[in-house]
Amino acid sequence: MEQESINKDNNNHIEEEDNQKPDHSELEQSSTIQKKQRLMPKRGEYRMRAHINPLNDTPFPYPLNPDYVNWKIHYPKFFDGTDEENQKVFCNTNEHPQTYDEEVNPLYNGLNGAQPVFLDIGCGFGGLVFNLAKNFPEKLVLGLEIRDKLVNFVSEKIRALRIESPDHKYNNAACIRTNAMRHIIQYFRKGTIEKMFFCFADPHFKKSNHRRRIINTGFLSEYAFLLKPKGRIYCITDVEDLHNWQEEHLAKHRMFRKLSEEELEGDICVQLIQDSTEEGQKVTRNGGKKWTCVFERI
Ligand SMILES: C[S@@+](CC[C@H](N)C(=O)[O-])C[C@H]1O[C@@H](n2cnc3c(N)ncnc32)[C@H](O)[C@@H]1O
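Not measured: the values here are computed from a predicted model. (Residues numbered from 1 in each chain as written. Predicted model: local features only at pLDDT ≥ 70, side-chain atom pairs only at ≥ 80, totals over all residues. Heavy atoms only, no water.)

J.: Would you mind going over the side chain of Asp120 in detail, with residue names and values included?
T.: With respect to the helices and strands, the residue Asp120 is situated in strand S1 (residues 118-121). Once residues within four sequence positions are removed from consideration, Asp120 is found in contact with Leu128, Val129, Leu142, Gly143, Leu144 and Phe197. (Helix = DSSP H or I, 4+ residues; strand = E, 2+ residues; numbered from the N terminus. Contact = heavy atoms within 4.5 Å.)

This is the structure in structure tokens:
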């Protein structure tokens, strides 16, 4: 009887040990999940002060002109990049410092024609960049953002998605740190951009700060220079005063024409800008109103 109980105990022990024996498939699975969790950045860890003065000098590198920009670093798959290369999404961390130097010089001829055509200016956490990239797999989408932590977040998320998604979506998405108001013209050539998005731009309420608004006559001339004929500018905001300002400045600029609702029928981007971005989602959650306008470059 005693022996039986000892045997039973032993057997239980063996069963427990068996239960504890590593099941390799489970281990592999849990390590993949852990790896995925590690790769996918958490938004909360990347928050930072909202306002940076866009009129200040730029304390981080920027290219002298478009010849110094190497788009291959951002979209390696579009330049026959290897998987390994593709996972090294260019982001502005200490490991991958953003530099524009002699390595990419005016004689650089690796452009191959591929360059971003959809720009999300002030992309924040990049919601629209991801949605555009998914909906337009053949277009290169670029988020431009002045705040470094947000650029790191978006770049890390792109890296994670490129590794995780088996069909290699998001190879057409990238994000760079730049002050678009000062340097956008140094990245792109004349008449090469198809769409520019300004979603929930900083409103700069005070009259003395209106010159910091990202839509104004001077900047619009730069955007018109970069856009292809019939290229589009999309604006959305929850601040009525800013909407009126943006619409007014676009309407009186001789290179832009407002598109009517009929002309916008079937343009999926009009829907995408509503709820893709973090700000757009916040406004929806709070039951706020959104104003949009879309203009075409003449
Ligand atoms: C109110 S947030 C909106 C972010 C995003 N578009 C959204 O809808 O969630 C405005 C963003 O524009 C960025 N920004 C402001 N001025 C900028 C500039 N001159 N160049 C690039 N980004 C800028 C800010 O850092 C901020 O992330």
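J.: Tell me about the nonpolar core, and name the residues and values.
T.: Core analysis: the largest hydrophobic core is formed by 38 residues, its most contacted members being Ile184, Phe188, Met196, Tyr223 and Ile233. For this core, the leading source of residues is helix H7 (residues 217-226), giving five residues. With sequence-adjacent residues up to four places away left out, Ile184 is seen in contact with Leu119, Ile121, Leu144, Asn179, Met196, Glu222, Tyr223 and Leu226. Core analysis: the next-biggest nonpolar cluster, separate from the first, contains 34 residues, Val117, Val154, Phe200 and Leu272 among them. (Core = buried A, V, L, I, M, F, W, Y, C linked by side-chain atoms within 4.5 Å. Buried < 20%, exposed > 50% of the residue type's maximum accessible area, 1.4 Å probe, protein only.)

J.: Run through the pattern of salt bridges, naming residues and quoting values.
T.: Under the defined criterion, the tally for this structure stands at 14 salt bridges. A salt bridge links Asp57 to Arg182; the nearest nitrogen and oxygen atoms lie 3.4 Å apart. In this pair, Asp57 is assigned in the loop between helix H2 (24-39) and helix H3 (83-87) and Arg182 in helix H6 (residues 180-183), connecting sequence segments 125 residues apart. Between Lys139 and Glu194 there is a salt bridge, and its shortest N-O distance comes to 2.9 Å. Here Lys139, found in the loop between helix H4 (127-135) and strand S2 (141-145), pairs with Glu194, found in strand S4 (residues 193-199); they are 55 residues apart in sequence, far enough to count as distant. A network of salt bridges, in which partner residues are shared, links Lys139, Glu194 and Lys228. (Salt bridge = Lys/Arg side-chain N within 4 Å of Asp/Glu carboxyl O.)

J.: Residue-level account of the confidence of the model for the protein, with values.
T.: Of all residues in the protein, 74% have pLDDT values of 70 or greater, and the mean over the chain is 83. Every residue in residues 105-111 scores below 50 in pLDDT, and together they form 12 contacts with partners more than four places removed in sequence or on other chains. Scoring of the predicted complex yields 0.83 for pTM and 1.00 for ipTM. (pLDDT = per-residue confidence, 0-100.)

J.: An account of the packing of aromatic side chains is requested, with residue identities and associated values reported.
T.: Tallied over the full model, the rule gives 10 aromatic pairs. The interplanar angle of 75° and the centroid separation of 5.0 Å between the aromatic rings of Phe118 and Phe136 together place this pair among those described as edge-to-face. Residue Phe118 is located in strand S1, and its partner Phe136 is located in the loop between H4 and S2; the two are separated by 18 residues in the primary sequence. Residue Phe118 is classed as buried on the basis of its relative accessible area, which comes to 1%. What makes Phe136 buried here is its relative accessible area of 15%. Ring centres of Phe198 and Tyr223 lie 5.1 Å apart, and the angle between their planes is 40°; on these two criteria the pair is classed as tilted. Separated by 25 residues along the polypeptide, Phe198 in strand S4 and Tyr223 in helix H7 bring together distant segments of the chain. Using a relative accessible area of 1% as the deciding quantity, one classes Phe198 as buried. Counting every residue linked through ring pairs, the aromatic cluster contains Trp71, Tyr75, Tyr187 and Phe188. Sitting over the ring of Phe125, Arg43 keeps its end group 5.5 Å from the ring centre. When the ring centre of Phe130 is taken as reference, the NZ or CZ atom of Lys157 above it lies at 4.6 Å. (Phe/Tyr/Trp six-rings, centres within 6.5 Å; stacked < 30°, edge-to-face > 60°. Lys NZ or Arg CZ within 6 Å of the ring centre and 35° of its normal.)

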